[in-house]
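Coordinate analysis (summary)
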Amino acid sequence: MTEMPRDRVRELLDAVLADTAEGRDDMARRAYASPFHFSRQVRLGTYESPVALRRRVILERAAWRIGQGESVTEVALSEGYDTVEGFSRAFSRAYGRPPSSARELTTYWLPAPNGIHFHPPMSLWVDAPEKTGTSMEPSILLVHHDVDDTRYLLELAGKVSAQDFTRPMLPRHVVLSFDGPEESIAAVLDNIVWSKEIWLASIDGCDTPARTGRDVATLVARHEAVVPRWLGAVSRISEEGRWGDVLIDALCDPPESFILGSVISHVLTFSAYRRQVLRRMLHSAGVAADDGDPIMWLHQRHQPAHERHEL
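Residues numbered from 1 in each chain as written. Predicted model: local features only at pLDDT ≥ 70, side-chain atom pairs only at ≥ 80, totals over all residues. Heavy atoms only, no water.

**Observations regarding the packing of helix α9 (residues 185–204) against helix α10 (residues 216–239)**
In the contact formed by α9 and α10, the axes pass within 10 Å of each other and the chain directions differ by 40°. As summarised for this structure, α9 and α10 are arranged oblique, according to the angle between their axes. The two elements α9 and α10 cross, and the hand of that crossing is left-handed. Mapping the contact onto sequence places Ala-186, Leu-189, Asp-190, Val-193, Trp-194, Lys-196, Glu-197, Leu-200 and Asp-204 in α9 and Leu-219, Arg-222, His-223, Val-226, Arg-229, Trp-230, Ala-233 and Arg-236 in α10. Residue composition of the contact of α9 with α10, grouped by class: 9 nonpolar, 1 polar and 7 charged. (Axes fitted to C-alpha atoms, helices over the stretch in contact; angles between N-to-C directions. Helix = DSSP H or I, 4+ residues; strand = E, 2+ residues; numbered from the N terminus. Parallel < 35°, antiparallel > 145°, perpendicular 65-115°, else oblique. Left-handed = near helix turned anticlockwise from the far one by under 90°. Contact = heavy atoms within 4.5 Å. Nonpolar A, V, L, I, M, F, W, Y, C, P; charged D, E, K, R; others polar.)

Here is the structure:
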């Protein structure tokens, strides 16, 4: 597994929310910081004091546990309160009702300045302070990751010798029967790009596009030409809620019908497989590539935002 970059805010949260933490000084020890510096770091990263953050998230967890059927007494004592009465007072102040009515809550999340909340069964959820619309939906993320990852692999392919670029590395390798053999780096990259070109032609009701050369420079040009049209088409389908619309593909003989959502899924599925095959081929040609992990891609894409939280 690729090692994730150090996340200091995550480390601070772990110290704040450790089940056995016994106050601010103990939290600071766990984070290898002085109490003053620890409190300052937590406030800078979360806009909330460590004590207030811990108290709120524990109450959220308690509300969820009671809502799942656990007794108020059991929850109060196991969450670190000295008495049930003290827990009931804290709960009532936070939720405006006694803990016995937790099952009636529509949400156990309390107002927070940072979007950090308890998420069952035993983890955290960071709610985006400004809603991002569809930009973080997995389908949209995968579309953009596919585009960026293909661009990255095309760049690496430019480092391969001309002989390795076209030589058969996987004899008789076929991904889809109608696409023919994909035995070389050139053939696999060509089909990744062609898949978008041909399906866009079907979506737009155009004639079959010309399939030009598959040297690296031409593939890069083809990819850069198709990307804005591809992203635009997916964006329109998403915004207009047309994932379930039926596409009549007149480029097939005889014409066939496809659901738009399945077309996008088709392109992404086989592109993802081909991109991993390319990594294997590039390795054989002596060119190292990353793992193609969307988690790391998104982290690196948002790196400036993360740097603002470095403490």
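Picking up where we left off.
**As for the confidence of the model for the protein**
For the protein, per-residue confidence averages 84 on the pLDDT scale, and residues scoring 70 or more make up 84% of the total. Here residues 1–6 scores under 50 on pLDDT; set against residues more than four positions off or in separate chains, the count is 10 contacts. (pLDDT = per-residue confidence, 0-100.)

**Topic: α9**
Its 20 residues give α9 an end-to-end C-alpha distance of 29 Å, which sits within 8% of 28 Å, the value for a rise of 1.5 Å per residue. In the structure, α9 departs most strongly from a straight axis at Trp-194, where the bend amounts to approximately 25°. The buried fraction of α9 amounts to 18 of the 20 residues, a majority that puts the element mostly inside the structure. Phi turns positive one or two residues past the end of α9, at Gly-205, with a value near 75°. (Expected span 1.5 Å × (residues − 1). Bend = angle between axes of the 7 residues up to and from the residue. Buried < 20%, exposed > 50% of the residue type's maximum accessible area, 1.4 Å probe, protein only.)

**Some remarks on the pairing of strand β3 (residues 246–249)**
Residue alternation in β3 divides its side chains into a buried set, Leu-247 and Asp-249, and an unburied set, Val-246 and Ile-248. Looking at chain direction, β3 and strand β4 (residues 256–259) are connected through 4 bridges and run antiparallel. Note that in β4 the partner of Leu-247 across the bridge is Phe-258. (Pairing = 2+ DSSP bridges.)

**A closer look at the pattern of salt bridges**
One side chain can pair with another of opposite charge once the charged atoms of both are near each other. Taken as a whole and assessed by the stated rule, the structure comprises 22 salt bridges. With a closest N to O distance of 3.3 Å, Glu-104 and Arg-97 form a salt bridge. What makes Glu-104 exposed here is its relative accessible area of 57%. For Arg-97, a relative accessible area of 28% gives the class partly exposed. Residue Arg-275 is joined to Asp-146 by a salt bridge in which the shortest nitrogen-to-oxygen separation is 3.1 Å. With Arg-275 in helix α11 (residues 260–284) and Asp-146 in helix α7 (residues 138–157), this pair connects stretches of sequence that are 129 residues apart. Accessibility expressed as a relative area gives 4% for Arg-275, which makes it buried. (Salt bridge = Lys/Arg side-chain N within 4 Å of Asp/Glu carboxyl O.)

**Here's the deal with helix α12 (residues 294–301)**
Every buried residue of α12 is listed here: Met-296, Trp-297 and His-299. Down the axis of α12, the sector holding all buried residues measures 165°, keeping them to one side. Put simply, Asp-293 is the residue that caps the front of α12, since its side-chain oxygen is 2.9 Å from the backbone nitrogen of Ile-295. (Arc of directions from axis to C-beta. Polar contact = N/O pair within 3.5 Å; in protein donor to acceptor, adjacent residues only side chain to side chain.)

**Points about the side chain of Arg-274**
Summarising the element assignment, Arg-274 is placed in helix α11. A polar side-chain atom of Arg-274 sits 2.9 Å from a polar atom in the side chain of Asp-179.

**Things to note about the packing of aromatic side chains**
Counted according to the given criterion, the structure contains 6 aromatic pairs. Relative to Phe-118, the ring of Trp-64 has its centre 5.7 Å away and its plane inclined at 55°; by these criteria the two rings are tilted. With Trp-64 in helix α4 (residues 50–67) and Phe-118 in strand β1 (residues 116–119), this pair connects stretches of sequence that are 54 residues apart. Each member of the pair, Trp-64 as well as Phe-118, is classed as buried. With a centroid separation of 5.2 Å and 70° between ring planes, the pair formed by Tyr-81 and Phe-87 is classed as edge-to-face. By the burial criterion, Tyr-81 is buried, and Phe-87 matches it. The ring of Trp-230 carries the charged tip of Lys-196 above its face, separated from the ring centre by 6.0 Å. (Phe/Tyr/Trp six-rings, centres within 6.5 Å; stacked < 30°, edge-to-face > 60°. Lys NZ or Arg CZ within 6 Å of the ring centre and 35° of its normal.)

**Here we look at the nonpolar core**
Taken as a class, soluble globular proteins show a tendency for nonpolar side chains to be buried jointly. Core analysis: the largest hydrophobic core is formed by 30 residues, its most contacted members being Phe-38, Leu-59, Phe-87, Phe-91 and Tyr-95. For this core, the elements supplying multiple residues, two or more each, are α1 (8–17), α2 (24–30), α3 (35–46), α4, α5 (72–78), α6 (84–95) and β1. In terms of residue count, the dominant contributor to this core is α4 (8 residues). Every residue in contact with Phe-91, bar those within four places of it in the chain, is listed here: Leu-59, Ala-63, Gly-96, Arg-97, Pro-98, Pro-99, Ala-102 and Leu-105. Counting 21 residues, the second largest nonpolar core, distinct from the first, contains Leu-154, Leu-156, Leu-170 and Val-193. (Core = buried A, V, L, I, M, F, W, Y, C linked by side-chain atoms within 4.5 Å.)

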